[in-house]
Amino acid sequence: MERLGTGIGWRPEIAGDIERMPGIDWVEVVAENVCPGHVPQSLLRLRERGVTVVPHGVALGLGGAERPDAGRLEALAERATALRAPLVTEHIAFVRAGGPLSVSPRLEAGHLLPVPRTRDALDVLCENVRIAQDALPVPLAVENIAALFSWPGEEMSEGQFLYDLADRTGVRLLIDVANLHTNHVNRGEDPAKALAELPLEAIAYVHVAGGVERDGVWHDSHAHPVPRPVLDILTDLASRVSPPGVLLERDENFPEPGELERELTSIRDAVEKGAAARSTAQAKSSGSPSHSDSGSGSGSGSGSVRESGSCEPARQRVALAQAAVLSSLVAGTPVPEGFDRVRMAVQARALAAKRADVVAKVAPELPVMLGRRYRAVFLAHAQKWPMTGGYRQDALDFVEQLLLASGQRERQDEQVPLRELREWWLERSGPVPRSRRPVVRLARATRRVLLRR
């Protein structure tokens, strides 16, 4: 595996800072935010300097019940080629549910949700990973995610699940130590046990990020400094294997460049500390079995026995379970039996808040038009209308529902700028942008007047 070194997540808000940072060996970019024909100049300059660029997908949904969408796979492949990336990465998660397999409406989570660690889910995930591997021009690595809730009736630990996935597919692993910490706080899972069960030789690189604890729940925010427990998990991992690469993620609340550089220094120190411990341990017991050997025993049994059968029955069972879970989170249906209702409520609020935040980014005109009311109005909308497409479609649906609701009110006393919202929706809802030529604008205005008579 190519040695990547120390990297940072590339974001437009800190692109200039990253270019000036010393010691940056590589960067990771959200794949869906890059257009192959219009790669940002900052990324091109970094690549010309020899900085590796890795596309990191967030929307494929490899853990979902349906097979990966061919269009999304093609887009991910195009980005890998455009960036001359040595690999691409995605998540072990589902991001949408519903459809023919579950005979229910299609729903989008807008976020990464955990798959159940069951043999059914593993069978589906393995087949989906193989489909993705065949469609991509470079190796694929998949990431463990953070979770706010647990599935009842799980049959494997996280380490066992990841071991079997790598063993059956040959996929590389992107280990997020911040997510291991999140799952420790939220689900009581031991990070050291997970690391001991992993196939360490399959690790492609490592993510490090910060978060925040609220009411006993750890939120993997990527908007706060990296805490000491996450660095300690990184040290533990580095004491077992030399990670090919380590990357700092930061998505919001970007600090001054000096603070990011200090975090990168702390990450390097944590890796060096682990490497020193690994060297000491190897000197003391050079002939002892490796951790990956011990993980092999814990992961065996759920793989090859289930390779030959059809995956369709498992897909349907997973589809029904995921549709029920996602519907309870975004459409207000009852929480399925066995789930922690308090944690599911926390997850539901987090999904709605993320929708509000991302819609505000993809359609920044809406918070301007609605002012301080934007968030409250959007969250009220989210309680009634689940997301069924991407975030841009979500923004259109939000405004459309506001306009429809305005026609049903006897008194328009909610201070919603209907005229501006209507113009915004008309401008973006058609197949092509509306013409701004004065003659065309006058014709539109005349037509509106005539239609009102």
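You'll find the structure just up there.
Note that the structure is predicted; figures quoted are calculated from it, not measured. (Residues numbered from 1 in each chain as written. Predicted model: local features only at pLDDT ≥ 70, side-chain atom pairs only at ≥ 80, totals over all residues. Heavy atoms only, no water.)

## Describing the overall build of the protein chain
Along its length, the protein chain carries 17 helices and 12 strands. Across the 453 residues that make up the protein chain, the buried fraction comes to 51%. Partitioning the intrachain contacts of the protein chain with sequence separation of at least 6 by distance along the chain shows that 77% fall at a separation of at least 24. Carbon and sulfur atoms provide 52% of the accessible area of the protein chain, an area that totals close to 21300 Å². (Helix = DSSP H or I, 4+ residues; strand = E, 2+ residues; numbered from the N terminus. Buried < 20%, exposed > 50% of the residue type's maximum accessible area, 1.4 Å probe, protein only. Contact = heavy atoms within 4.5 Å. Areas by Shrake-Rupley, 256 points an atom, 1.4 Å probe, with all protein chains shown as cover.)

## Overview of the packing of aromatic side chains
Overall, the coordinates contain 7 aromatic pairs when judged by the stated rule. Through a chain of ring-to-ring contacts, three or more aromatic side chains come together here, namely Phe-94, Phe-149, Trp-151 and Phe-339. (Phe/Tyr/Trp six-rings, centres within 6.5 Å; stacked < 30°, edge-to-face > 60°.)

## Side note on the packing of helix H8 (residues 228-240) against helix H9 (residues 257-284)
Close contact between H8 and H9 brings their axes to 7 Å; oriented N to C, the two are set at 40 degrees. Compared by their axis directions, H8 and H9 come out oblique. The crossing of H8 and H9 is right-handed. Along the contact surface, H8 presents Leu-231, Leu-234, Thr-235, Ala-238, Ser-239 and Arg-240, while H9 presents Ser-266, Ile-267, Ala-270, Val-271, Lys-273, Gly-274, Ala-275, Ala-277 and Arg-278. For the contact of H8 with H9, the class distribution of residues is 8 nonpolar, 4 polar and 3 charged. (Axes fitted to C-alpha atoms, helices over the stretch in contact; angles between N-to-C directions. Parallel < 35°, antiparallel > 145°, perpendicular 65-115°, else oblique. Left-handed = near helix turned anticlockwise from the far one by under 90°. Nonpolar A, V, L, I, M, F, W, Y, C, P; charged D, E, K, R; others polar.)

## Observations regarding the pairing of strand S2 (residues 26-30)
Taken across its 5 residues, S2 has 5 buried, putting it largely inside the fold. In S2, alternate side chains face the same way, and those of Trp-26, Glu-28 and Val-30 on one face and Val-27 and Val-29 on the other are all buried. Where strand S1 (residues 5-9) and S2 come together, 3 bridges link them in parallel fashion. Considered in S2, the bridge of Ile-8 is made with Val-27. Looking at chain direction, S2 and strand S3 (residues 52-56) are connected through 5 bridges and run parallel. Bridging across to S3, Trp-26 finds its partner in Thr-52. As for the winding sense of the linkage, the β-α-β connection from S2 through helix H2 (residues 41-48) to S3 is right-handed. (Pairing = 2+ DSSP bridges. Right-handed = clockwise from strand over helix to strand, strands pointing away.)

## Section: the environment of Arg-20
Tracing the chain through its elements places Arg-20 in helix H1 (residues 15-20). The exposure class assigned to Arg-20 is exposed, which follows from its relative accessible area of 63%.

## Quick notes on the environment of Val-271
Tracing the sequence through the fold places Val-271 in helix H9. C-alpha of Val-271 to C-alpha of Leu-237: the two residues are 34 residues apart in sequence and 8.3 Å apart in space. Excluding its chain neighbours within four sequence positions, the residues that come into contact with Val-271 are Leu-234, Ala-238 and Val-246.

## Here's the deal with unusual backbone geometry
With a phi close to 50 degrees, Arg-84 is a non-glycine residue in the positive phi region. Note on placement: Arg-84 falls in the loop between helix H3 (70-82) and strand S4 (88-91). On the basis of relative accessible area, Arg-84 is assigned to the exposed category, the value being 60%. Positive phi outside glycine occurs at Asn-253, with the angle close to 50 degrees.

## Focus on helix H12 (residues 341-362)
Across its 22 residues, H12 extends 31 Å between first and last C-alpha, which sits within 8% of the 32 Å expected from 1.5 Å per residue. Those residues of H12 that fall on the buried side of the exposure criterion are Arg-343, Met-344, Val-346, Gln-347, Ala-348, Leu-351, Ala-352, Arg-355, Ala-356, Val-358 and Val-359. Put simply, Asp-340 is the residue that caps the front of H12, since its side-chain oxygen is 2.9 Å from the backbone nitrogen of Val-342. (Expected span 1.5 Å × (residues − 1). Polar contact = N/O pair within 3.5 Å; in protein donor to acceptor, adjacent residues only side chain to side chain.)

## Overview of the nonpolar core
Membership of the largest hydrophobic core comes to 85 residues, with the highest contact counts inside it found for Val-27, Leu-43, Leu-140, Leu-165, Val-208 and Leu-329. With 23 residues, the next largest nonpolar core counts Ala-356, Leu-370, Val-399 and Leu-403 among its residues. (Core = buried A, V, L, I, M, F, W, Y, C linked by side-chain atoms within 4.5 Å.)

## Regarding the side chain of Arg-117
With respect to the secondary-structure elements, Arg-117 resides in the loop between strand S6 (104-113) and helix H4 (119-135). The class of Arg-117 is buried, set by a relative accessible area of 8%. When near neighbours in sequence (up to four residues on either side) are disregarded, Arg-117 contacts Glu-154, Glu-155, Met-156, Ser-157, Glu-158, Phe-161, Asn-183, Arg-187 and Glu-189.

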